[in-house]
Amino acid sequence: FYWDSYFIMLGLAADEKWDLIEGMVKNCAHMIRKFGFIPTANRTYFLSRSQPPTFALMVKLLASHKGRGRTYVEYLPYMLMEYHFWTKHKRSLSKVPHKAFSRVVEMPDGRIMNRYYDNKTTPRPESLHEDTETLSGIERDPQQLFLDLRAGAESGWDFSSRWFEDPHDIRTVHTTDFVPVDLNSLLYQLEVTIAEAYRLVLQPLLARRFHKLAEQRQESIRKYCWHKSEKFFVDYNARTKKVSSRLTLAAAFPLFAKVATPKQAMDVANRLEKDFLSTGGLVTTLHVTGQQWDAPNGWAPLQWIAIEGLRNYGYYELANTIKQRWLETNETVFKESGKFVEKYDVTSGKKGGGGGEYPLQDGFGWTNGVYAALVNEDEPRASSY
C-alpha cells in the first residue's frame, strides 16, 4: 500500500536498510512512470485511485542518506508527475456549477485546493459485498455513494466519522465534499520539495513558481481549514462552504508540514493533550462508531505525524509523552500475544484495535516501522520543511 510504505521506510532507515528503501522509491517511481500516479497499492483493481501522497517524503528520506542534490534531481520528474495527477483538470472547474472537478476544488477566493476522489463510480471490487450492503435500504444516487466510498478509501481513512454526515452511519458518507487538511498539507510538502529540487538544478524561475504555489496553499490551509471557535485544524466542506465539525487527528498534519502559525500550533497541542491523549497514545477521532478510523483506535502513522509535528513547534514534552505511551502499548500487546498489529485500542493501552470491514491484521509494516524509528532516535528532531 502506498502511504504505508513511507512509514515502513522510517523503520528500515532506523535499521540502515538503505538499499531496500531505495528499491521501494524506485518501485514507486516506476508506478508513476507507468500509470501517471502511485495507486493505492500495486494491484490492477486499485488503478482508479491513489492514497495520501507521501512520495516527496520518501524522496526526502532517501536524500538524507544519498544527498539532496543527487536524489532530488533523480526523482524531480516523478514528483512533477504526481503533482500533475493531483492538480490536473483545473480548466474543467469553469464547466461545473459547484466548482469541484476530479481532485481539484476552486475555493471562494478563486485559489485551488484538493480533495480525495476516485476515477470510478462502482462498488470497490475488494469490498463488493460491503458497498452493496451500504447502498441497500436508502434512497441515494448509487454512483455518488460509491464515489464517496472510493474517495474515502483513497484518503487511507476507510472509514471514519470524519467523512459522514451522521457520525454513526456510513450511508451518509460524503468524502468528496471535503477539502481535507491532511491531503493539502502533504501537497504543500510536495510543492516545497519540488521548489527545492528546481533550486538545486539551477532553475530559479521554476523554483520560485513552486515556492509561490506552496505559500498560497499554506495561506489557504490556515484560512479555510482552521476552526476558529474550536481552535483546531479541520476539513473544509466545499459544498456548504463551512468548516467541518469533526475533530480528528488529521489536525496534526499542518504541524508536521510546518503550515501552522505558532499560535495555531499551540492551540492544536493543547487540544491534543486535553481531548485526544489517552492511556496508550492518541485516539484518531472523538467518536466511537465501530469504524476503524475512529475512537478508541490509534494508528502508528498518525502517532508519528503528531509527534513530529509537535516537535516542529517545540512541544517536546507532549510529543515524548505520546511516544512513550504508544511504545508501551505496542510492547504490552506484543508481550501478551507475540505480535505487532495494524492498530491499537489506545483507551486501554492493552489490546489491538477493532472495527472496520476486516479482521485485525497481524505484524503490520507501519506499526513495525514507526516503532523502530521511535526506539532508534536519540533526541527530538525537527523537520527541514
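Residues numbered from 1 in each chain as written. Predicted model: local features only at pLDDT ≥ 70, side-chain atom pairs only at ≥ 80, totals over all residues. Heavy atoms only, no water.

1. Quick look at the nonpolar core
Alright, step 1. Membership of the largest hydrophobic core comes to 118 residues, with the highest contact counts inside it found for Phe7, Phe55, Phe233 and Trp304.
Alright, step 2. Excluding residues that lie within four positions of it along the chain, phenylalanine 233 makes contacts with Val181, Ile221, Arg222, Cys225, Trp226, Ala251, Pro254, Leu255, Ala260, Gln264 and Val268. (Core = buried A, V, L, I, M, F, W, Y, C linked by side-chain atoms within 4.5 Å. Buried < 20%, exposed > 50% of the residue type's maximum accessible area, 1.4 Å probe, protein only. Contact = heavy atoms within 4.5 Å.)

2. A short note on the side chain of threonine 248
Alright, step 1. Mapped onto the elements of the fold, threonine 248 is located in the loop between strand S8 (242–243) and helix H9 (253–256).
Alright, step 2. Here the side chain of threonine 248 touches alanine 250 through a polar contact of 3.1 Å, landing on its backbone nitrogen. (Helix = DSSP H or I, 4+ residues; strand = E, 2+ residues; numbered from the N terminus. Polar contact = N/O pair within 3.5 Å; in protein donor to acceptor, adjacent residues only side chain to side chain.)

3. Some points on the packing of helix H2 (residues 18–35) against helix H4 (residues 68–87)
What describes two packed helices is the angle between their axes and the distance between those same axes.
Alright, step 1. In contact at an axis separation of 10 Å, H2 and H4 are set at 50° when each is read in the N-to-C sense. In terms of orientation, H2 and H4 fall into the oblique class. Relative to H4, the crossing made by H2 is left-handed. Facing H2, whose interface residues are Glu22, Val25, Lys26, Ala29, Ile32 and Arg33, H4 presents Glu74, Tyr75, Tyr78, Met81 and Glu82.
Alright, step 2. Considered class by class, the residues forming the contact of H2 with H4 number six nonpolar, no polar and five charged. (Axes fitted to C-alpha atoms, helices over the stretch in contact; angles between N-to-C directions. Parallel < 35°, antiparallel > 145°, perpendicular 65-115°, else oblique. Left-handed = near helix turned anticlockwise from the far one by under 90°. Nonpolar A, V, L, I, M, F, W, Y, C, P; charged D, E, K, R; others polar.)

4. Describing the sheet that holds strand S13 (residues 351–352)
Alright, step 1. On the basis of which strands lie adjacent, the open sheet formed by three strands has the order S11-S12-S13 and antiparallel pairing. The sheet is open, and its two edges are formed by strand S11 (297–298) and S13, each paired on a single side.
Alright, step 2. Taken together, the two bridges between S11 and strand S12 (residues 344–345) define a ladder with antiparallel strand orientation. When the sheet's bridge partners are listed, asparagine 297 is paired in S12 with aspartate 345. (Pairing = 2+ DSSP bridges.)

5. Considerations on the sheet that holds strand S4 (residues 178–179)
Alright, step 1. Pairing within the open sheet is antiparallel, and its three strands lie in the order S4-S7-S8. Bordering the open sheet on either side are S4 and S8, each of which pairs with just one other strand.

6. Some words on the packing of helix H3 (residues 55–66) against H4
Alright, step 1. Packing of H3 against H4 leaves a shortest axis separation of 9 Å and a crossing angle of 170°. Here H3 lies roughly antiparallel to H4, going by the angle between them. Contacts between H3 and H4 pair Phe55, Ala56, Val59, Lys60, Leu62, Ala63 and Lys66 from the former with Arg68, Arg70, Thr71, Tyr72, Glu74, Tyr75, Tyr78, Met79 and Glu82 from the latter.
Alright, step 2. Here the contact of H3 with H4 is composed, by residue class, of nine nonpolar, one polar and six charged.

7. Notes on the confidence of the model for the protein
Alright, step 1. Residues of the protein with pLDDT of at least 70 account for 98%, and the chain-wide mean is 96.
Alright, step 2. Note that residues 380–385 has pLDDT below 50 and, in this model, 20 contacts with residues that lie over four places away or in other chains. (pLDDT = per-residue confidence, 0-100.)

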